[in-house]
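An overview of the molecular structure
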Protein chains: 2
Amino acid sequence: MKKETRLGISVKRDEDYGNWYSEVCRFGDLVEYYESVKGIYILKPSAMKIWKTIQRLFDAEIEKMNVEEYYFPIFVPGSALEKEKNHIEGFAPEVAWVTRAGDTELATPFALRPTSETVIYPFFSKWIRGHRDLPLKVYQWCNVVRWESSDPTPFIRSREFLWQEGHTAFATKEEADREVLDVLNIYSRVYEELLAVPVIKGIKSENEKFAGGLYTTSIEAFIPSTGRGIQAATSHSLGQNFAKMFDVTFEDKKGKRSMVWQNSWGLSTRSIGVMVMTHGDDEGLVFPPRVAPFQVVVIQVPIKGAADDQVLCNACEAVKSTLQEAGIRAKVDIRDNYSCGWKYADQELKGSPLRIEIGPRDLANDQVRIVRRDTGAKMDVKRGGMIEQVKDLLEKIQRNLYDVAKRKVEECTQKVETWDEFVKALSQKKLILAPWCDEVEVEKDVKKRTRGDETGGGGAKTLCTPLEQPELRKDTLCFASGKPAKKWSYWGKSY
Amino acid sequence: MKKETRLGISVKRDEDYGNWYSEVCRFGDLVEYYESVKGIYILKPSAMKIWKTIQRLFDAEIEKMNVEEYYFPIFVPGSALEKEKNHIEGFAPEVAWVTRAGDTELATPFALRPTSETVIYPFFSKWIRGHRDLPLKVYQWCNVVRWESSDPTPFIRSREFLWQEGHTAFATKEEADREVLDVLNIYSRVYEELLAVPVIKGIKSENEKFAGGLYTTSIEAFIPSTGRGIQAATSHSLGQNFAKMFDVTFEDKKGKRSMVWQNSWGLSTRSIGVMVMTHGDDEGLVFPPRVAPFQVVVIQVPIKGAADDQVLCNACEAVKSTLQEAGIRAKVDIRDNYSCGWKYADQELKGSPLRIEIGPRDLANDQVRIVRRDTGAKMDVKRGGMIEQVKDLLEKIQRNLYDVAKRKVEECTQKVETWDEFVKALSQKKLILAPWCDEVEVEKDVKKRTRGDETGGGGAKTLCTPLEQPELRKDTLCFASGKPAKKWSYWGKSY
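Definitions and limits used
Here the residue numbers are simple positions, counted from 1 along each chain's written sequence. The naming scheme follows written order: chains are lettered A onward, ligands numbered 1 onward. The predicted origin of the model limits local features to residues at a pLDDT of at least 70 and limits the giving and counting of side-chain atom pairs to 80 or more, whereas totals for whole chains, interfaces and linings rest on all residues. Each side-chain value is derived from all of the structure's non-hydrogen atoms; neither hydrogens nor water enter the calculation. Disulfides are defined as cysteine sulfur pairs within 2.5 Å. Comment: elements are numbered from the N terminus, with helices defined as DSSP H or I runs of at least four residues and strands as E runs of at least two. Two residues qualify as a contact provided that any one of their heavy atoms is within 4.5 Å of a heavy atom in the partner residue. What makes a nonpolar core is a set of buried Ala, Val, Leu, Ile, Met, Phe, Trp, Tyr and Cys residues whose side-chain atoms join them at distances within 4.5 Å. Partly exposed describes any residue whose relative accessible area lies between the buried limit of under 20% and the exposed limit of over 50%, with all areas from a 1.4 Å probe on protein chains only and scaled to the type maximum. For salt bridges, the criterion is a side-chain nitrogen of Lys or Arg within 4 Å of an Asp or Glu carboxyl oxygen. Pairing between strands requires that DSSP locate at least two bridges from one strand to the other. To obtain each axis, a line is fitted to C-alpha atoms, and for helices this fit is confined to the stretch in contact; angles are then taken between N-to-C directions over 0 to 180 degrees. Crossing handedness: left-handed means the near helix sits turned counterclockwise from the far one by under a right angle, and right-handed means the same turn made clockwise. Each residue gets one label: Ala, Val, Leu, Ile, Met, Phe, Trp, Tyr, Cys and Pro are nonpolar, Asp, Glu, Lys and Arg are charged, and the others, such as Gly, are polar. Only residues with pLDDT of at least 70 in both copies count here: their C-alpha atoms drive the least-squares fit that superposes the copies. Buried area is a sum: the accessible area each of two parts loses on coming together, probed at 1.4 Å, counted once for each and added. In protein, a polar contact means a hydrogen-donor-capable atom and an acceptor-capable atom, both N or O and within 3.5 Å, with residues adjacent in sequence counting only if both atoms are side-chain atoms; elsewhere, any N or O pair within 3.5 Å suffices.

A closer look at the state of the cysteines
Simply put, disulfide is the name for a covalent bond between the sulfur atoms of two cysteines. Inspection of every chain in the model, using the stated rule, returns zero disulfides over all chains. Cysteine Cys-478 of chain A is unpaired, with the sulfur of Cys-437 of chain A as its nearest cysteine sulfur at 3.8 Å. Cys-313 of chain B forms no disulfide, and the closest cysteine sulfur to it belongs to Cys-316 of chain B, at a distance of 6.6 Å.

See below:
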């Protein structure tokens, strides 16, 4: 039988990151490009399995917080979308409009939700009457549409994507503030515990906050290869801005009417892209064991004339079953039109954390060969101790991926205090921690002055002001304006 | 404290079914109407919990069939949508079009998927090359948009709804045919085992089959109060029609190119509406225990001056915890601004299968009072035997709801052989089983002749030709045309 051949990733990660990422996502079977509409991607089974794992963790945590699942419509009337002036200004350029149904022009066009504040808050206004109706906490899993034209990238920036969005209303600012951070913690756990991606918790600048909100917290990841930060998830305090526009008020215990305090927060399929960027290598995808669709791929290594193929094949099936019975997600690559070398490359491309090879010698010695995807380390293990070893290795890989990623980000992180240091660090693709005066105009100015430099991708901006602040000496000056600094903020180019 | 009051359902089911249904859905907290867009509904937590239960059963079954989950885009280019002529003719009038993004008119407008054959099959064409790529089985959970103008009804007919759609391709017609029925069986189990709704498995007529397909199988439910059938889910054989249009071919083992055989199948949130229609009564919703968001609601019955409220309250919490530990979905209605009578009515409105009342007398006797939602039967049960009793009752209620519904449909079913019998049965809102010549024109004629009669709702049509056929005497004539009959088919008005 003729064995099929196929090319792997055609470019090195560190030589052409953009094309490397695109190939890893496509050849690794996470997405397919939708040729009919630019910036739209099909999510394939591996991507959906990872997304489901994220959903399960999130659902379990959010249930403990008494947030309830709803489904709100994808259609937003223009009048509602335009109620909060800053909000619509932020989203207007990328809103897709339905103007026709069948042959009929609609009297009032409907927007497809770019986010659902303006869909949901008219209902908050209706449902919330008294203090007993608070807190009101709703969330939904859905698709959203943002017709962005710049730089479409699978998972990272696409015109339709899947996400979870939460919307809550409280009687007091204190309760609302507390929830902003509680949710941020869950998002941080999704990234750090499941996806093995280190993130920084912080507060966005005025320039970068959610359109129409009071303040935005986020978790930020950093991609050392490109030297760019990436917003990984956001949890917004909306204050009372939307309550005012949508008339969301309640009567307190004393009969007084007040506006509610609102939050909104979201985590999207972008998380899968950040994971791919963080762990992928020149061979392809590298999945952390906790989210890997398959944790182990079993492959038979036939040797011509040595052993009966069927015996090997049965041994592989038996090993797979043993693994599955122990709760490990395992599969056998049983395809008979591919060589085992091809199968190894395929398993590496598709990111399963462990490969188990079984050849005639392994059979004779009652052992299997286990190969780690993250380090390439190989070891021969007796069949009897296999489960324990596999479980142990999966734990180790999960930890190692996080540790390596964390160390890389730390190595890229640089504290600067002057403009010259800043420019130099930026040219070296660093994640920059700098003292800042916290003035809107200064951030705009930094962006302008660093636009078009050799690192590409627009000007530098704040990624966040980390919740964990280094000590700020009393006389520290802003690296950019020379005015007294108010805080340490992370700066860099970003996705 | 002033106790709140509220009206229950304002109309009787058998007097004004349409308004009864709408009130049950709204007051029972399943949906909220979206005033901004006609025919669109917000799904509230109860509805979402039922939908999740359906998803869990379906996912588990479909995984056994090796169908994999994807996510395909909501946007369909017009050119793809229009490829299969019959298909676009079927859907064109209700397709919503995106024509603008931001301020820019799109060069080519995109349709929002009414169903995803035309989104997915270009990928089938790309992914399927040889016989090893078959069968290819994909499915997704998503929202779909059908801008229908007639008779919007929560769950039953709405302009955006949630569903699962499956799309599969096989090398042979035999495999495809087998899967059509395998999926229909899963759908039937969702209705009969989870939702306690009896359904009829059958084949749709040429008039009623899926636009562009070869043949359509469906499960049909029947609503005795209105005398209307309702299509509960469909599983289509597409034959090779779409394969031809989208060039989905494969090379077989001998190197010959052939077109694949395709199926598509779907189950939507309509299922929740059919369940509500089947079991609801004048007090409100009645949920089958297997899908009930809460299977038991515990309510304290304070008697003035008799016992300490806090003691009762603690007893209720303890009972709830005991139930939850036994895996029963239970909650306490702890609201202190409602009387217990109000809470009973509220629990009945919202459909929980069992209510447990605990008053001072129950405390003294170490017992609880259990009340069935379906029959209203009350019984006093010792605390020690409560769990066993509750579990037993939940099983009984599940079975009883199905049995009662089944009996009602059977009582409404009438076999007729002549036109006069048919017209009479139709006026009596029967589900009619009649011998038919199976001619398209005859069905159209029946529809025309029965339109505008006193039962309303358009003309009568075939609901399906049941897979289980009564014996057809050799000389049986079609009830409508007098020609030789080929089969027994179900006829009636429908949703």
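Brief notes about the environment of Gly-239 of chain B
Residue and element names in this part refer to chain B. Tracing the sequence through the fold places Gly-239 in strand β11 (residues 228-239). Sequence-wise, Gly-239 and Ala-480 are 241 residues apart; in three dimensions their C-alpha atoms are separated by 30 Å. In this structure, Gly-239 is in contact with Leu-214, Val-260, Trp-261 and Gln-262, ignoring residues within four places of it in sequence.

Details of the nonpolar core
In terms of nonpolar packing, the biggest core is built from 86 residues, with Phe-75 and Leu-112 of chain A together with Phe-75 and Leu-112 of chain B touching the most fellow members. Once you skip the residues sitting within four places of it in the chain, Leu-112 of chain B turns out to touch Phe-75, Val-98 and Leu-112 of chain A together with Ile-74, Phe-75, Val-76, Ala-96, Val-98 and Val-145 of chain B.

Brief notes about the pattern of salt bridges
Within the structure shown, the criterion is met by 72 salt bridges over all chains. The closest approach of N and O atoms between Glu-68 of chain B and Lys-49 of chain A, which form a salt bridge, is 3.5 Å. Of this pair, Glu-68 of chain B sits in strand β3 (residues 68-69) while Lys-49 of chain A sits in helix α2 (residues 45-64), placing the two residues on different chains. The exposure class of Glu-68 of chain B is partly exposed, given its relative accessible area of 33%.

Description of the sheet that holds strand β6 (residues 104-112) of chain A
Read across the open sheet, the six strands follow the order β4(A)-β6(A)-β5(A)-β5(B)-β6(B)-β4(B); overall the sheet is antiparallel. For this open sheet the edge positions go to β4 (75-77) of chain A together with β4 (75-77) of chain B, each flanked by a neighbour on one side alone. Each strand of the sheet is rotated relative to its neighbour by a mean of 45 degrees, with strand direction disregarded. The pairing of strand β5 (residues 96-101) of chain A with β6 of chain A spans four bridges and is antiparallel. Among the inter-strand pairings, Arg-100 of chain A is bridged to a residue of β6 of chain A, identified as Glu-105 of chain A.

Focus on the packing of helix α9 (residues 309-325) of chain A against helix α12 (residues 386-412) of chain A
All names here are of chain A. Their axes nearest at 10 Å, the elements α9 and α12 cross at an angle of 60 degrees. For the element pair α9 and α12, the recorded crossing hand is right-handed. Across the interface between the two elements, Val-319, Thr-322 and Leu-323 from α9 touch Met-386, Ile-387 and Val-390 from α12. Of the residues belonging to the contact of α9 with α12, the class tally is five nonpolar, one polar and no charged.

Some details on the relation of the copies chain A and chain B
Once chain A has been moved 0.0 Å along the axis and rotated by 180 degrees, it coincides with chain B to within an RMSD of 0.0 Å. As the rotation angle and translation indicate, the two copies are arranged about a two-fold axis. Residue Val-98 of chain A, judged by its C-alpha, is the member of chain A lying nearest the rotation axis, at 2.1 Å. Interface overlap between copies is the fraction of interface residues in one copy that are interface residues in the other; for chain A against chain B it reaches 100%, indicating a shared surface.

Digging into the interface of chain A and chain B
Of the residues lining the interface, 57 residues belong to chain A; the matching set on chain B comes to 57 residues. Carbon and sulfur atoms supply 59% of the area buried between chain A and chain B, which totals about 4700 Å² over both sides. Joining chain A to chain B, the criterion identifies ten salt bridges. At the junction of chain A and chain B, the tally comes to 29 residue pairs in polar contact (both at pLDDT 80 or more). When residues in the side of chain A that touches chain B are grouped by element, the largest group, six residues, is from β5 of chain A. The residue inventory of the side of chain A that touches chain B, partitioned by class, reads 36 nonpolar, five polar and 16 charged. Judged from the five bridges that link them, β5 of chain A and strand β5 (residues 96-101) of chain B form a sheet pairing that is antiparallel. Residue pairing for β5 of chain B: Val-98 of chain A is matched across the bridge by Val-98 of chain B.

Details of the sheet that holds strand β19 (residues 378-382) of chain B
Residue and element names in this part refer to chain B. Read across the sheet, five strands follow the order β16-β15-β17-β18-β19 without closing on themselves; strand pairing throughout is mixed. At either end of the open sheet lies a strand with only one pairing partner, and these are β16 (330-332) and β19. Put simply, the sheet's adjacent strands are angled 25 degrees from each other on average, direction ignored. One ladder, built from five bridges, connects strand β18 (residues 367-372) with β19; its direction is antiparallel. Residue pairing for β19: Val-371 is matched across the bridge by Lys-378. Here helix α9 (residues 309-325) sits on the sheet and contacts β15 (296-300), β16, β17 (354-358) and β18; the angle it forms with β15, its principal contact strand, is near 165 degrees. Sheet strands in contact with helix α10 (residues 340-350) are β15 and β17, and its direction is about 170 degrees off that of β15.

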